[in-house]
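For reference, the chains in residue letters:
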Amino acid sequence: MSDITKQFDAINPADVPAKVLRSGDKLPTVGLGTFGSDRFTHDEIAAAVKDAIRLGYRHIDCAAVYGNEKEIGQAIKEVIAEGVCTREELFITGKVWNDRHREVEKACQETLDDLQMDYVDMYLIHWPFPNYHAPGCDGDSRNPDSRPFSVEEFMDTWKQCEALVEAGKVRNIGTSNMTIAKFDAVWDLMKIYPAVNEMEMHPCFQQQELFDYCMSKQIQPIGFMPIGSPTRPDRDVAEGDAVDIETPAIQAIAKARGVHPAVICIKWAIKNGQVTIPFSVHPAEYLSNLKSSFDNPLTDEEFASIKSCDCGSRLVKGQVFLWEGAAHWKDLWDEDGVIAQ
Ligand SMILES: NC(=O)c1ccc[n+]([C@@H]2O[C@H](COP(=O)([O-])OP(=O)(O)OC[C@H]3O[C@@H](n4cnc5c(N)ncnc54)[C@H](OP(=O)(O)O)[C@@H]3O)[C@@H](O)[C@H]2O)c1
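What you see is a predicted model, and the numbers here were worked out from it, not measured in a lab.

Draft legend 1. Main features of the overall build of the protein chain. When its secondary structure is counted, the protein chain shows eleven helices and ten strands. Computed over the C-alpha atoms, the radius of gyration of the protein chain is 19 Å, within 12% of the 20 Å expected from 2.2 N^0.38 for a compact globule of 341 residues. The principal-axis extents of the C-alpha atoms in the protein chain amount to approximately 55 × 45 × 35 Å. Within the protein chain, contacts between residues at least 6 apart in sequence are counted, and of these 75% link residues at least 24 apart.

Quick look at the structure:
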């Protein structure tokens, strides 16, 4: 018995509900986020991945740009060697970063090598354009090579992802940070449709229209920053950003139930029909997040009261991806239904 399972009761992974993807694969509704920004070291995050799997997590959300796939790969290898689970019982997501859109096969192979795996269960295009910025850069920084979304460029990247499925290196492919207008522009050109769209979703930013669109297209929405990333670095906090865990509706439900407001955010995501990928390196926190997928769900009244928290507070504005001539970060999100050029 590992130290962590002496301290905490592990969850039976079979108790965690899963969504069935268009491929038939099952995606557990709560996964562990692995972006620690500059708050946590790669080793701390890898240790969390290892203990989270021991405690019942089977879905891990990785990305090359998080810089920690080597450490996570080693952690997963060790936990499999311990006999906690098999590789097949895990659902591992990887993502191609913006500077590798012209060499997706190579980027994916590097991820597979780092993760010490023959395949990943899901591979996402992290952002729908190749605009690169250095990790941790200031919000005001711009790359002169950045350009607006291009159907041709996106489809070139997507076709490389489709080839990865055909080569057996990836079981499912999907998108992240897409918009309805961008989906509409590329949908008829795709041979394999996206299994998921990873998108920012939390009570203060519910993205109902995009969520409904994804559901209508059999694209499973995966919500990132489900708690509103309350402790993200100051450089990623803008004036006017809402704080989900401080909203009266969420605080009232949390108080009545005697739990942290973060837990209410996760239960809201689950009842809303999302897959959600909260981050934490603290076992009590990530265990309560996983348990929230099936334990004591929100009532219809509680769920309805959280509806009122939505104030369109997008936290990941993406301004570092803007191109010369773009007027505003809103140009990245096609809010008027037209792809900004
Ligand atoms: N596709 C994309 O473009 C994209 C963008 C952003 C994020 N993501 C993914 O989404 C994941 C989650 O986003 P995020 O980490 O920014 O935000 P988040 O999950 O909304 O918030 C994480 C923070 O919430 C606190 N927390 C978590 N569980 C808690 C609990 N049960 N009780 C109390 N506090 C709790 C922790 O704070 P403390 O550490 O202070 O305890 C943790 O650092 C990332 O790790 C990444 O995998 C994807």
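Draft legend 2. Spotlight on the site of the ligand. Around the ligand, the surrounding shell holds 29 residues, and the nearest of these are Gly33, Phe224, Ile227, Ser229 and Phe279. For the shell around the ligand, the secondary-structure elements that each account for two or more residues are helix H9 (261-271) and helix H10 (283-291). The dominant element in the shell around the ligand, judged by the number of residues it contributes, is H10, at three residues. Tallied by class, the residues present in the shell around the ligand amount to twelve nonpolar, 13 polar and four charged.

Draft legend 3. Seen up close, the pairing of strand E8 (residues 196-200). Most of E8 is tucked away: five of the five residues are buried. Both faces of E8 are covered, namely the face carrying Val196, Glu198 and Glu200 and the face carrying Asn197 and Met199. Across two bridges, the pairing between strand E7 (residues 170-176) and E8 is parallel. Paired with Ser176 across the bridge in E8 is Glu198. In the classification by handedness, the crossover that spans E7, the intervening helix H6 (residues 180-186) and the parallel E8 is right-handed. Of the strand pairs in this sheet, E8 and strand E9 (residues 220-224) are connected by five bridges, and their pairing is parallel. Bridge pairing in E9 places Val196 opposite Gln220. Crossover connection from E8 via helix H7 (residues 208-216) to parallel E9: handedness right-handed.

Draft legend 4. Local environment of unusual backbone geometry. Phi angles above zero are rare outside glycine, and Gln218 is one such case at about 60°. Judged by the 11 C-beta atoms lying within 10 Å of it, Gln218 is exposed.

Draft legend 5. View of the pairing of E7. Summarising burial for E7: six of the seven residues are buried, a large majority. Strand direction decides the pairing type here: strand E6 (residues 120-125) and E7, joined by five bridges, are parallel. Bridge pairing in E7 links Leu124 to Gly174. Following the chain from E6 across helix H5 (residues 151-166) to the adjacent parallel E7, one finds a crossover that is right-handed.

Draft legend 6. Highlighting the packing of helix H8 (residues 248-257) against H9. Viewed as axis vectors pointing N to C, H8 and H9 meet at an angle of 105°, and their least axial separation amounts to 8 Å. By the angle between their axes, H8 is roughly perpendicular relative to H9. Across the interface between the two elements, Ile250, Gln251, Ile253 and Ala254 of H8 pack against Pro261, Val263, Ile264 and Cys265 of H9. Residues that form the contact of H8 with H9 fall into these classes: seven nonpolar, one polar and no charged.

Draft legend 7. The nonpolar core, seen in detail. By size, the foremost hydrophobic cluster in this structure holds 81 residues, and its most contacted members are Leu32, Val49, Ala52, Ile72, Cys108, Tyr123 and Cys265. If one sorts the elements of this core by residue count, H9 sits on top with eight residues. When near neighbours in sequence (up to four residues on either side) are disregarded, Leu32 contacts Ala48, Val49, Ala52, Tyr57, Ile60, Asp61, Ile277 and Tyr286.

Draft legend 8. Representation of the sheet that holds E9 within the structure. In spatial order, the strands read E3-E4-E5-E6-E7-E8-E9-E10; together these eight strands make up an open sheet with parallel pairing. If you trace the sheet from one side to the other, it starts and ends with strand E3 (32-33) and strand E10 (275-276), each paired once. Summarising the sheet, E9 and E10 pair through two bridges and their orientation is parallel. Within the sheet, the bridge partner assigned to Ile222 lies in E10 and is Val275.

Draft legend 9. Structural detail: the environment of Phe149. Tracing the chain through its elements places Phe149 in the loop between E6 and H5. Residues within four places of Phe149 in sequence aside, it is in contact with Pro128, Phe129, Phe154, Lys182 and Ile339.

Draft legend 10. Looking closely at the environment of Ile270. Among the structural elements, Ile270 can be located in helix H9. Along the chain, Ile270 and Ser292 lie 22 residues apart, while their C-alpha atoms are 8.0 Å from each other. Each residue touching Ile270, except ones within four places of it in the same chain, is listed here: Thr29, Thr276, Ser292, Ser293 and Pro297.

Draft legend 11. Looking closely at the packing of helix H4 (residues 104-115) against H5. In the contact formed by H4 and H5, the axes pass within 9 Å of each other and the chain directions differ by 50°. The angle between H4 and H5 falls in the class oblique. Along this stretch, H4 crosses H5, giving a crossing that reads as right-handed. Judged by residue contacts, Val104, Glu105 and Cys108 of H4 engage Thr157, Gln160, Cys161, Ala163 and Leu164 from H5. Split by residue class, the contact of H4 with H5 holds five nonpolar, two polar and one charged.

Conventions used here
Residues numbered from 1 in each chain as written. Predicted model: local features only at pLDDT ≥ 70, side-chain atom pairs only at ≥ 80, totals over all residues. Helix = DSSP H or I, 4+ residues; strand = E, 2+ residues; numbered from the N terminus. Rg over C-alpha atoms; globule rule 2.2 N^0.38 Å. Contact = placed C-beta atoms within 7 Å. Near = placed C-beta within 6 Å. Nonpolar A, V, L, I, M, F, W, Y, C, P; charged D, E, K, R; others polar. Buried ≥ 20, exposed ≤ 12 C-beta atoms within 10 Å, placed from the backbone. Pairing = 2+ DSSP bridges. Right-handed = clockwise from strand over helix to strand, strands pointing away. Axes fitted to C-alpha atoms, helices over the stretch in contact; angles between N-to-C directions. Parallel < 35°, antiparallel > 145°, perpendicular 65-115°, else oblique. Core = buried A, V, L, I, M, F, W, Y, C linked by C-beta atoms within 7 Å. Left-handed = near helix turned anticlockwise from the far one by under 90°.

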